[in-house]
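Architecture and fold: a report
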Amino acid sequence: MSRFPLAAAAALALTALPANAQALDLYFAPKLDVNPLSATTFEVIEKGGVGPRGIWCAAADYAINDLGKQRGRIYVVTPRGPAQTEAGAKGVAFSTQDPGIAANTGYSVTTDVAGANLLVFHAEQFCNDNIIEPGDVIP
């Protein structure tokens, strides 16, 4: 089976974008639900096979855009498990305030350990996994 029709369709779809969108990086964030638990605590709902990097991205995006948290850290309060805000779903609860839970995660990016934390800026960098720049080749 030839890859040409798929590649041609992808190229055509990119050229159909508005001119101003082509001039900028296109950002496609993982569309995860984020539900507030309190003024500083929120839950990211896992879906679509998104792993820890995507969950941290969603947490950073929420902390920055909804809570106005430009600096500091984001902490895992409740590790990945049954969601508190959506029945039958998996979720991770985060806080912008230190919950006082010591965690030694080394260099691992995890959502499975209470107390795991990242700088907001660091977590936001995982959103760059989803940037498509003009000129990127789509196989």
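Going along each chain's sequence as written, the residues are numbered from 1 onward. Reporting of local features is limited, given that this is a predicted model, to residues whose pLDDT is at least 70; pairs of side-chain atoms are given and counted only at 80 or more, and all residues count toward the totals for whole chains, interfaces and linings. Calculation of side-chain values draws on the structure's entire complement of heavy atoms; hydrogens and water are dropped beforehand.

1. With respect to helix 3 (residues 52–65)
- Under the DSSP-based scheme used, a helix requires at least four consecutive residues in state H or I and a strand at least two consecutive residues in state E, with every element numbered from the N terminus. Take the number of residues in a helix, subtract one, and multiply by 1.5 Å to get its expected span. Between its first and last C-alpha atoms helix 3 spans 20 Å; for 14 residues at 1.5 Å apiece the expected length is 20 Å, and the two agree.
- Of all 14 residues in helix 3, ten are buried, a share of seventy percent or more.
- Three or more residues of helix 3 are buried, namely Gly54, Ile55, Trp56, Cys57, Ala58, Ala59, Ala60, Tyr62, Ala63 and Ile64. Each residue's exposure class comes from its accessible area (1.4 Å probe, protein chains only) as a fraction of the maximum for that residue type: buried when under 20%, exposed when over 50%, partly exposed otherwise.

2. Brief notes about the nonpolar core
- Ranked by size, the top nonpolar core spans 22 residues in total, and within it Phe42, Val44, Trp56, Ile74 and Phe94 carry the most contacts.
- Sort the elements by how many residues they give to this core and helix 3 lands first, with nine residues.
- In this analysis, two residues are considered to be in contact whenever any of their non-hydrogen atoms come within 4.5 Å of each other. Aside from chain neighbours lying at most four places away, what touches Phe42 is Val34, Asn35, Pro36, Leu37, Ala59, Tyr62, Leu67, Ile74, Val92, Ala93, Phe94 and Thr96. Residue types Ala, Val, Leu, Ile, Met, Phe, Trp, Tyr and Cys, when buried and joined through side-chain atoms within 4.5 Å, form a set referred to as a nonpolar core.

3. Section: the packing of aromatic side chains
- Stacked, tilted and edge-to-face are the three classes applied to pairs of Phe, Tyr and Trp rings, where Trp contributes its six-membered ring and a pair requires centres within 6.5 Å; stacked means planes under 30 degrees apart, edge-to-face means over 60, and tilted covers the rest. Tallied over the entire structure, the rule returns three aromatic pairs.
- Taking 4.7 Å as the distance between ring centres and 45° as the angle between the ring planes, the aromatic pair formed by Phe42 and Tyr62 counts as tilted. Highlighted residues: Phe42 in strand 3 (residues 41–45) and Tyr62 in helix 3, separated in sequence by 20 residues.
- Residue classification places Phe42 among the buried residues on the basis of a relative accessible area of 0%.
- Seen from their ring centres, Trp56 and Phe94 are 4.9 Å apart, and the 70° between their planes marks the pair as edge-to-face. Taken together, the residues Trp56 in helix 3 and Phe94 in strand 5 (residues 90–95) connect sequence positions 38 residues apart.
- Looking at Trp56, the relative accessible area reads 1%, which means it is buried.
- Taking the relative accessible area as the measure of exposure, Phe94 reaches 0% and is therefore buried.
- Counting every residue linked through ring pairs, the aromatic cluster contains Phe42, Trp56, Tyr62 and Phe94.

4. Description of the environment of Val92
- Relative to the helices and strands, Val92 is located in strand 5.
- For Val92 and Glu46, which are 46 residues apart along the polypeptide, the C-alpha to C-alpha distance reads 7.7 Å.
- Among residues more than four places away in sequence, those in contact with Val92 are Phe42, Glu43, Val44, Ile55, Val76, Thr78, Arg80 and Thr111.

5. Thoughts on the state of the cysteines
- The disulfide definition used here is simple: a pair of cysteine sulfur atoms within 2.5 Å. Under the counting rule described, the total for this entry stands at one disulfide.
- In this model Cys57 forms its disulfide with Cys127; the gap between the sulfur atoms is 2.0 Å. What sets the handedness of the Cys57 and Cys127 disulfide is the S-S torsion sign, and at about 110° it is right-handed. Here Cys57 is found in helix 3, whereas its partner Cys127 is found in the loop between helix 4 (120–125) and strand 7 (131–132), with 70 residues between them in sequence.
- Given a relative accessible area of 1%, Cys57 falls into the buried group.

6. Section: the sheet that holds strand 2 (residues 34–36)
- Spatial strand order, 2-3-5-4-6: five strands in an open sheet with antiparallel pairing. Edge positions in the sheet fall to strand 2 and strand 6 (117–119), since each has one partner strand and no second. With direction set aside, neighbouring strand axes in the sheet form an average angle of 30°.
- Here, strands pair whenever DSSP counts at least two bridges between them. Relative to strand 5, strand 4 (residues 73–82) is paired through five bridges, and the arrangement is antiparallel. Residue pairing in the sheet places Pro82 in a bridge with Lys90 of strand 5. A fitted line through C-alpha atoms serves as each axis, taken over the contacting stretch for helices, and the angle formed by two N-to-C directions is quoted from 0 to 180°.

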